[in-house]
Each structure stands twice: as structure tokens, then as C-alpha cells.
Amino acid sequence: MKFSGFKVIKEALTGHKGWKPLWRDPEPQSDYDIVIVGGGGHGLATAFYLAKTFGQARIAVLEKGWLGSGNIGRNTTIIRSNYLLPGNEPFYEFSMKLWENLEQETNFNSMVSQRGIINLIHTDAQRDAYRRRGNAMRFAGADSVLLSREELREKVPFLNYDNARFPIKGGLMQPRAGTARHDGVAWGYARGADMRGVDIIQNCEVTGFKIEAGKVLGVETSRGFIGAKKVGVAVAGSSSRVMSMAGMRLPIESHVLQAFVSEGLKPTIPGVITFGAGHFYISQSDKGGLVFGGDIDGYNSYAQRGNLPVIEDVLEGGMALMPMIGRARLLRGWGGVMDMSMDGSPIIDRTEIEGLYFNGGWCYGGFKATPASGYAFAHLLATDRPHDTAKAYRLDRFAKGYVIDERGAGAQPNLH
Amino acid sequence: MLIPHPLLGLRDAQEFTYLGDANLMNRPDPNAPNAEAMFCDYVFLRDNPAGVHRELWYHEQGDRSWLVVTRNTVTHEILGAELASDVALAHREGSK
């Protein structure tokens, strides 16, 4: 189904009875050229770019639940490319550029809104670190602006600038960063992939891989065996579970990250703001709710819900930063399961099993990476070579000492 | 979450810090011929099961003991806790 202004007006005048489902609900065929495991943002984006950009045919996306039921619907919708290390920054900037053109590419309103992100500075050392980061971003073609305290106060006057312990001294801003409608991203990619012949098969859980002589032949599913020349796994959160069926152990722990939304308020927070002294980040959705989050809970979890101590910690961070939100009522809180990798950076790579490819380890940065992750994974699946911006995301980088550790925390996933 | 400390009874999980899989207690032999590969697996790879998980918690705000806690990662139910020193001693006795 194609969207146009004419169609919207026509439907408005005829009782909205002509809208059709955005994608088919096909029965799985007996085999495909490429099977993508995981119908979340990354899996759907991979299928979309495989079909559209790399001209591949006979593609299926297998999803255990319903389309977009995992982390693509559970994140805080922030898109940005403000990383430091050369292994990461070009990739996220590539993603940012894909975000900027996403709606034209998919003909679907993903509500990409470049309202800017500001990382706050509280100490001189932090200003030095952010100046370095801002320069690293510019090296990769991204934008960054170092804001003085006065410039910052003009943009966001409501912060607690004179907090006795964490006075605000300025900020590092990326004006092109912002937010996007997370479900809309999944729907746009799903519809675009479906229009190009990709079978999106929901309620189809992968229960095993068929591997013979070191080569993958297909996947066992709850809806029978599906043959495949290549299998791409994009199931961040459950990566260890799925890859263990292929006999692999991963450099990943699953952790739960919580997020929250307040009641709807009038427009008050212009972009995304992150606290530099604790772990708290906040933006305001188009509906008016304040969307915010903080640290992961810190223990292995597949529960999609967290515990009270971290909720308190996040809210304390919020109160230290902007006391005005104290009167807003908390509407909802939820949790999502993260692939926390051993260096805090993702993996997009082949595996030792021929025809089996892996995409995961996104920690809590998976949403902003959705377009580039899909593009790079499609590139790898179609050409067997890594995309230029994703060359560092190798599975063997841990053994070889090429870790990409933004935080410098070592092999301790709950610290990344 | 409340952790049933073997000496102190039920304690709030907030008093603890979390390290990870209890297999981290089984450090490979640095003199083994394949020590490099063994240490790479030991440092970086995890089973990361969905279900029962044995893991190390440190009672930082309490008696500073290390515990091996058995917990379900799907439900957060805590099934038991032992002193890590007891687990290590039993392991040493067992391997004699």
C-alpha cells in the first residue's frame, strides 16, 4: 500500500475504510536464499536493504512473537552519532545519514526529529573529554558544538545550574541528533521489505539450526524446517540463547535496562539532555510525555522488567538535574533485555559456520544504529565482505586485542 | 531482590555489587600449553543462560564476603546463596 496526500484526504472523506494491512502474513516457503532470524528493527532493516539496495530475492524474516515486539518498541527513541573511537564513530555517523533520509527511502513517516542532544559538562576534566569527543565526531563528518554555560542557559534555562555537588559548566551538543518514532521505524522497514517480496513470518520461533560439515543448511522452527543458503541472526537481547543452538558461546551477557515515561505535559524540553554526573537522559515525546532512563540494573536478566533500586537511582538523577520534573507523575516504566558485550560495542560478522552470520551485542545503543546495522549486515550477507564502516565489529576482536571500549571499563559488561 | 546471606540472613540486593558468572572462580592454569586460548575464553565468553544462573555477588555494604548466588534470570527468583569461600574449598576438596 502506498501513502500519498491524496490517499489520506480520500480516506478521511470515506470513513477510513480503504486502509489495508501494511504487510502480508505469508506461510513460510520450504526454502529461501537468505533467512533473517529476528523481526525487530535490525532484522527488518537488514531485509529491507538486502531487497532494495543489494538486489537480493527470496528473503524471509522469522519473528518469534509479533513484528517489533522486542527492543525496537522498548527503547527511548534517541538517535545520535556522538561516539569517540574510530571503530565506532564513522558507523554511527553513517547511521545518522541514513536516518536523515529514512522517510524518503521507506515512504513511511518515522517522525525523525533532529532536535539535538546535549551532554552536560560538570567539571573541567569533563569539558576536556567532551572537546576531544566533539573533535573526534567532526573527524568522521558529524557535527558537534561545545556550549558554554551561558549559551547552554539560553537553550535550557530550567536545569539546576548551581547544584552544590554537580554544577553545570556547559555542554557538548550534536544539533543533528534527535529522536524518531521507534515503532514507525520497524513498520516502515517491514512495509518496505514486504513490498519488495520479503516474507515476514511472525509467530515463528527458531528452535535450532541444521548444520552439516560446518555449513548451515537451514533453521528448525516452530512452523517446520526452513532451508536457507545463508542465515543472518539479529536477535539482540537473546543472542546467547539463539547462537548456543549453533554451539557458539558469545562475549555477551544479557542485562535489563529500564525506561520510563511521565504523564503528557506541554512542550518543555526542547531536545535530548543527558546528565554528565550521574546516568540520566531525557527527552520529550511528541505526545508530551517525558521519556527518560538511566543505568542497566547490573545483573544478568532476561526478564524485561527491572527492580526498584534502579528506578530510584534514575529519578534521583532526574531531580538533581532538573528539579521541575518532580511534580510530574510517572506514568509507566518498563524493561528491555540488552546484549551487553564485553567491550560495550556491537558485533556484525561471519561465524566459523559457513553461511551463518551474526549481528548483536548492541548494549543499550541499538536503536540509533538500526539503519546502519541493517545496511552493514545486508552488505555482509550479500557480498560476504564487511561494510566499510563496520569493519571493526569483528567477532574475533576480543581474542586479537582489538576491542572497542568507549568506556574503558574492560571485560565487565555491567559497567559499559 | 533479597539475597539469603548464609551468615546474615536476608539482605537487600542493593548492599551487593554484581560481578558475573560464578565460573569466573575457575581460573585457567596459566602454565597450560593452551593457556592463551583458555584465558581468552575465561575473560570474554559467557554461557549467559536464560534460567538458572550461578553468579558472584560481593557484599560491599555488609560483611564484604563474596557469595555464589543461584538465581533464575527469567523470573529474578533467588534459589540460594553460599559463601564463595565455601564453594572454592569444596571444589578444592573434590579435585583432590
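Cut-offs applied
Residues numbered from 1 in each chain as written. Chains lettered and ligands numbered in written order. Predicted model: local features only at pLDDT ≥ 70, side-chain atom pairs only at ≥ 80, totals over all residues. Heavy atoms only, no water. Salt bridge = Lys/Arg side-chain N within 4 Å of Asp/Glu carboxyl O. Helix = DSSP H or I, 4+ residues; strand = E, 2+ residues; numbered from the N terminus. Contact = heavy atoms within 4.5 Å. Buried area = accessible area lost by both parts, 1.4 Å probe.

Going by the annotation in an unreviewed UniProt entry, the name recorded for chain B is Sarcosine oxidase, delta subunit, with Celeribacter baekdonensis B30 given as the source organism.

With respect to the pattern of salt bridges
The final tally for this structure, using the stated rule, is 28 salt bridges over all chains. With a closest N to O distance of 2.8 Å, A:Arg249 and B:Asp47 form a salt bridge. Here A:Arg249, found in the loop between α8 (239-244) and β12 (252-264), pairs with B:Asp47, found in the loop between α1 (35-44) and β4 (52-58), and the two come from separate chains. Linked by salt bridges that have partners in common, A:Glu93, A:Lys97, A:Glu100, A:Asp143 and A:Arg176 make up one network.

Some details on unusual backbone geometry
All names here are of chain A. Despite not being glycine, Arg58 has its phi angle at roughly 55 degrees, a positive value. With a phi close to 55 degrees, Gln304 is a non-glycine residue in the positive phi region. Here Gln304 shows up in the loop between β15 (289-300) and α9 (308-321).

Digging into the interface of chain A and chain B
Opposite the 24 residues of chain A that make contact, chain B presents 22 residues. Counting the surface chain A buries against chain B, the share from its top three residues, A:Arg249, A:Asn300 and A:Tyr302, is 30%. Notably, a salt bridge pairs B:Arg46 with A:Glu253, separated by 3.3 Å at the nearest N-O pair. Elements that contribute at least two residues to the side of chain A that touches chain B include exactly α8, β12, β15 and α11 (397-400) of chain A. Top element by residues in the side of chain A that touches chain B is β12(A). It accounts for 4 residues.

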